[in-house]
Structures are given as C-alpha cells and as structure tokens.
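# Inside the fold
Spelled out, the chains give:
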Amino acid sequence: MLMAHSVEGRFPFLDDDVVELANSLPDACKLRILDEKHVLKRVTQSQAPSEIVTRKKQPYRTPNALCFVDRDAPPYVDEALSSASVRAANIFDPVAVERLRAKCQAHAHAGDGDLSNFDNMALVGVLSTQLLFQQFVADRPEAPRRLELSVDVDHQDVPGVYA
C-alpha cells in the first residue's frame, strides 16, 4: 500500500523485539561498510535465494522520465511543464526546464532509453513539484474573509482578537 503511493515504510524494523535484538548485537555486526544488512543477510541465507542475498542494494527509483515525454504522455505533463506554468510557479528556470525536457524528448524519440539517472530524476522532480504547486498553491481556494459581526455581544474587548 505504501509503495503504491511512493512512500517507503520499514515497519518490521520498529518491532520491540527487533529493536531489542539490534541493541544487543556487538558493534562489529551492526555496521560492515561493504556488507550492508550483514546480520539480516546471514539470518535469511538459508531461506532466501542466493541471488537475492548477494545482490547489490537497489534504491527505489522514481518513474522513468521517458514515459512523461513520449507521444503517449498524459496531457497534464504539457501543462505542468509549459513555460507559462513554470514561470507562474517561480521555482525553476523555465529555460532550463525546457532544455531538460527537450533532452529527454530526444532520447524518447531516438528510442535509445539512455537517459542519465540525473536527468531522469531531475525531470520527474520538476514535474512532481509543478504538479504539487498546481494542486496545493495555484488552485487553492481563497482564504475565507474575516467575518464581521454586528451583535454587540460578539464584539467583546478581547486583546488580539478583534480590531
């Protein structure tokens, strides 16, 4: 459920027994620079396939930027990454965003899929930020106006509350 919404959770490691066990381990077992999760790998060695236990750490990756710049990209992408939208948000340089988008589109149209991790994450980050800006800042309803009451009882002299 968490990863379906791009949230990473590690709840099993919050279990009281797991924390107590971790605290009881000697320091040499907790941090082995080139062997991350050493104890966990040793414990699961007999139950998990060796290719899982011995593989390198794989970070969670953002969606591939190429899906946002190809011909089948959702229409909201054009709106969010347009120069006008980027300028309105005033977070990113519209010229730099357009250059990044053009670079990603060139890779998508070439079909080589050889987009750098940096460019991939940059485009997805810009798009995500733009969408958040549109949803929570630009499209936010106006703040309610101060309610003016005409009943004397409601206009008591309370410091800092009524002008």
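See above for the structure.
Turning to helix 7 (residues 94-110), a few remarks are in order. The terminal C-alpha atoms of helix 7, which comprises 17 residues, lie 24 Å apart, in line with the 24 Å expected from a rise of 1.5 Å per residue. Among the residues of helix 7, Pro94, Val97, Leu100, Arg101, Cys104 and His107 are the ones counted as buried. Seen from one end, helix 7 has its buried residues packed into an arc of 150°, which puts them on one side. More than 90 degrees from the buried face of helix 7, the exposed residues found are Arg99 and Ala110. Where helix 7 starts, the residue carrying a side-chain oxygen 3.1 Å from the main-chain nitrogen of Val95 turns out to be Asp93.

What follows concerns unusual backbone geometry. The backbone of Asn90 sits at a positive phi, close to 60°, despite the residue not being glycine. The residue Asn90 is located in the loop between helix 6 (83-89) and helix 7 in this model. Asn90 sits in the exposed class, given a relative accessible area of 67%.

Another point: the environment of Ala122. With respect to the element layout, Ala122 can be found in helix 8 (residues 117-138). For Ala122, a relative accessible area of 23% corresponds to the partly exposed category. Note: C-alpha distance between Ala122 and Leu100 (22 residues apart in sequence) is 8.2 Å.

Of all hydrophobic cores here, the largest spans 16 residues; its most connected members are Leu81, Cys104, Leu123 and Leu127. Every element with two or more residues in this core is listed here: helix 5 (75-81), helix 7 and helix 8. A per-element tally of this core places helix 8 first, with four residues. Among residues more than four places away in sequence, those in contact with Leu123 are Ala65, Val69, Leu81, Leu100, Arg101 and Cys104.

Calculation rules
- The residue numbers shown here count from 1 along each chain, following its written sequence.
- pLDDT decides what is reported in this predicted model: residues at 70 or higher carry local features, side-chain atom pairs at 80 or more are listed and counted, and totals for whole chains, interfaces and linings draw on all residues regardless.
- Excluding hydrogens and water, the side-chain values take into account all heavy atoms of the structure.
- Elements are defined by DSSP. Helices are runs of H or I of four residues or more, strands are runs of E of two residues or more, and each kind is numbered from the N terminus.
- The span you would expect from a helix comes to 1.5 Å times its residue count less one.
- Under the scheme applied here, a residue whose accessible area is under 20% of the maximum for its type counts as buried, over 50% as exposed, and between as partly exposed, the area being computed with a 1.4 Å probe on protein chains only.
- The arc refers to the directions leading from the helix axis to the C-beta atoms.
- Residues adjacent in sequence count toward polar contacts only when both atoms are side-chain atoms; beyond that, a polar contact is any pair of N or O atoms within 3.5 Å, and within protein one must be able to donate a hydrogen and the other to accept it.
- Think of a nonpolar core as a cluster: buried Ala, Val, Leu, Ile, Met, Phe, Trp, Tyr and Cys residues, connected wherever their side-chain atoms sit within 4.5 Å.
- In this analysis, two residues are considered to be in contact whenever any of their non-hydrogen atoms come within 4.5 Å of each other.

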